[in-house]
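Residue strings, one per chain:
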Amino acid sequence: MIWDEIETRACGKAILLGEHAVVYGVPAIAAPITSLELRVRVRPNPNESEPRLRGLLEGDALADEMVRHAWSHVPGLALGGADVLVESSIPPGGGLGSSAALSVALVRALLALGRREPSAEAVNPLAYELESLAHGLPSGVDNTVIAWQRPLRFQHGTEPRPIRPGGVFHLQLVDSGERAATKEVVAGVRQRYERDQAMYLAIFGAITALVDSAEAALLAGDAPALGRAFDENHQRLQTMGVSTPRLDALCERARQLGALGAKVTGGGGGGHAIVLWPREPTDEQQRGLEDVASGVVCRPVTQLADESD
Ligand code: MEV
């Protein structure tokens with residue numbers, strides 16, 4: 001097959017509520033983070049017989065497996081040798097969807113090369129398979145929110161439900177500077193769940209109620225109510241053992257500095273906290289957060305608002 005170079009992109013994501021519990025069938029709410037982006041460029045390479053990763057992920061065994069799996073799972077495509085160049089501003093292991101963005105961007109590229117519409121519905125099933133290589137048995141929330149690129153309520157096995165925020169929410173991702181592999185943090189939760197299912201089922205019930213109230217708060221433009229849901233969800237995540245002393249300190253400091261709520265976001269064990277501010281935070285508030293520990297970095301604020309037409 002003769003084909004030309006193609007470039008696709010995928011954004012980052014943040015989980016607003018329900019991470020980890022979502023793996024057990026509980027709903028979650030997630031939003032795309034479009035200021036973070038992963039780019040895949042695929043170009044034919046007649047000197048190779050198969051796809052080869054170049055750039056950022058060259059030599060990364062997992063990414064290599066994802067590329068090969070993607071290549072072999074798009075029927076009717078005989079692409080031959082290719083260079084697959086990946087560039088990304090999504091920090092790996094930071095809970096912001098780096099592996100899901102790679103999955104989505106790869107599938108978008110293959111669909112486009114096969115002259116198929118890279119709609120979210122077409123992208124998501126194979127993107128989920130690629131995510132599974134990275135995370136074991138993921139819920140699918142990460143690839144879904146990135147493929148749809150809109151805020152949504154996700155529950156495994158049901159159609160995602162888009163959420164149109166009824167106001168503007170000032171969200172900030174704060175990098176703790178710590179890193180953990182999502183796969184391992186998820187496995188740790190699984191072990192603790194097996195040891196005390198009754199406690200975990202009670203936590204999951206509480207998180208379901210929090211997701212419901214957070215969805216209502218988003219629709220109503222009620223930032224204080226969303227902030228309360230963040231704080232309560234954070235407490236549950238602490239009980240599940242996926243926060244760290246530094247993430248706890250960050251969330252506590254954010255509240256002291258005037259945030260409406262703060263919590264771990266994504267896999268945890270490090271990575272990012274998500275902070276909800278009543279308005280654009282001041283320099284003083286940002287310095288106050290960054291003073292919690294060396295390595296802490298405040299990312300630019302994301303305004304979550306209704307962007308549908
Ligand atoms: C990771 O971004 C979200 C988790 O809930 C895992 C998953 O949903 O597969 C921790």
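Everything in this summary refers to the structure shown in the same document.

Cut-offs used in this document
Residues numbered from 1 in each chain as written. Predicted model: local features only at pLDDT ≥ 70, side-chain atom pairs only at ≥ 80, totals over all residues. Helix = DSSP H or I, 4+ residues; strand = E, 2+ residues; numbered from the N terminus. Rg over C-alpha atoms; globule rule 2.2 N^0.38 Å. Buried ≥ 20, exposed ≤ 12 C-beta atoms within 10 Å, placed from the backbone. Contact = placed C-beta atoms within 7 Å. Axes fitted to C-alpha atoms, helices over the stretch in contact; angles between N-to-C directions. Parallel < 35°, antiparallel > 145°, perpendicular 65-115°, else oblique. Left-handed = near helix turned anticlockwise from the far one by under 90°. Nonpolar A, V, L, I, M, F, W, Y, C, P; charged D, E, K, R; others polar. Expected span 1.5 Å × (residues − 1). Arc of directions from axis to C-beta. Core = buried A, V, L, I, M, F, W, Y, C linked by C-beta atoms within 7 Å. Pairing = 2+ DSSP bridges.

**A few points about the overall build of the protein**
Consideration 1: Secondary structure summary: the protein contains 9 helices and 11 strands in total.
Consideration 2: In terms of overall size, the protein behaves like a compact globule, its C-alpha atoms giving a radius of gyration of 19 Å where 309 residues would be expected to give roughly 19 Å.
Consideration 3: In terms of its C-alpha atoms, the protein occupies a principal-axis envelope of roughly 60 × 45 × 40 Å.
Consideration 4: Classification of the 309 residues of the protein by burial places 48% in the buried group.
Consideration 5: Residue pairs at least 24 apart in sequence account for 73% of intrachain contacts in the protein once pairs closer than 6 positions are excluded.

**Description of the environment of L16**
Consideration 1: Within the fold, L16 resides in strand β1 (residues 6–17).
Consideration 2: Considered as a pair, L16 and A262 are 246 residues apart in the sequence and their alpha carbons are 9.8 Å apart.
Consideration 3: Sequence-distant contacts of L16, defined by excluding residues within four places in its chain, comprise I29, A30, A31, A214 and I274.

**A look at the packing of helix α3 (residues 120–135) against helix α4 (residues 141–148)**
Consideration 1: Two elements in contact, α3 and α4, have axes separated by 9 Å at closest approach and are oriented at 150 degrees. One way to sum up the angle between α3 and α4 is to call them roughly antiparallel. Pair α3 / α4 crosses with right-handed handedness. Counted together, A120, V123, N124, A127, Y128 and E131 of α3 and D142, N143, T144, A147 and W148 of α4 form the full contact between these two elements.
Consideration 2: Among the residues forming the contact of α3 with α4, the class breakdown is 6 nonpolar, 3 polar and 2 charged.

**A few points about helix α1 (residues 61–72)**
Consideration 1: The end-to-end C-alpha distance of α1 is 17 Å, a good match for the 16 Å that 12 residues give at a rise of 1.5 Å each.
Consideration 2: Every buried residue of α1 is listed here: A63, M66, V67 and A70. Seen end-on, α1 carries its buried residues on one side only, within an arc spanning 95 degrees. Turned more than 90 degrees away from the buried face of α1, the exposed residues are A61 and S72.
Consideration 3: The elements touched by buried residues of α1 are β3 (51–55), β4 (82–88), α2 (98–113) and α3.

**With respect to unusual backbone geometry**
Consideration 1: Despite not being glycine, H20 shows a phi value in the positive range, around 70 degrees.
Consideration 2: Examined against the element boundaries, H20 turns out to sit in the loop between β1 and β2 (28–44).
Consideration 3: Exposure remark for H20: the 30 C-beta atoms within 10 Å place this residue in the buried category.
Consideration 4: The phi angle at Q149 is positive, at roughly 50 degrees, despite the residue not being glycine.
Consideration 5: Inspection of the secondary structure assignment puts Q149 in the loop between α4 and β5 (152–154).

**A few points about the nonpolar core**
Consideration 1: With 94 residues, the main nonpolar core has A30 and L106 as its most contacted residues.
Consideration 2: With 10 residues, the top contributor of residues to this core is α2.
Consideration 3: Residues within four places of L106 in sequence aside, it is in contact with V40, M66, V67, A70 and L130.

**Regarding α4**
Consideration 1: Of all 8 residues making up α4, 8 are buried, and the element is well covered by its neighbours.
Consideration 2: Within α4 the residues assigned to the buried category are V141, D142, N143, T144, V145, I146, A147 and W148.
Consideration 3: Taken together, the buried residues of α4 touch β1, β2, α2, α3 and β5.
Consideration 4: Positive backbone phi, approximately 50 degrees, marks Q149, located one or two places after α4.

**A closer look at the pairing of strand β8 (residues 261–265)**
Consideration 1: Counting buried positions along β8 gives 5 out of 5 residues, so the element sits mostly inside the fold.
Consideration 2: As judged from the 5 bridges shared by β8 and strand β9 (residues 272–277), these two strands associate in the antiparallel manner. From the neighbouring strand, V264 faces β9, where its bridge partner is A273.
Consideration 3: Turn length for the β8-β9 hairpin, with the two strands adjacent in sequence and antiparallel, is 6 residues, and the turn residue G266 shows positive phi of about 85 degrees.

**Considerations on the packing of α1 against α2**
Consideration 1: Contact geometry of α1 with α2 gives a least axis separation of 10 Å together with a crossing angle of 30 degrees. The orientation of α1 with respect to α2, classified from their angle, is roughly parallel. In the packing of α1 onto α2, the handedness of the crossing is right-handed. Along the contact surface, α1 presents A63, M66, V67 and A70, while α2 presents L102, S103, L106, V107 and L110.

**Considering the environment of P151**
Consideration 1: Mapped onto the elements of the fold, P151 is located in the loop between α4 and β5.
Consideration 2: Looking at P151, the number of C-beta atoms within 10 Å reads 26, which means it is buried.
Consideration 3: Along the chain, P151 and I15 lie 136 residues apart, while their C-alpha atoms are 9.6 Å from each other.
Consideration 4: When neighbours within four sequence positions are excluded, P151 is seen to be in contact with A31, P162, I163, P165 and L304.

**A word on the environment of E65**
Consideration 1: The residue E65 is located in helix α1 in this model.
Consideration 2: Along the backbone, E65 and L130 are 65 residues apart, and their C-alpha atoms lie at a distance of 8.7 Å.

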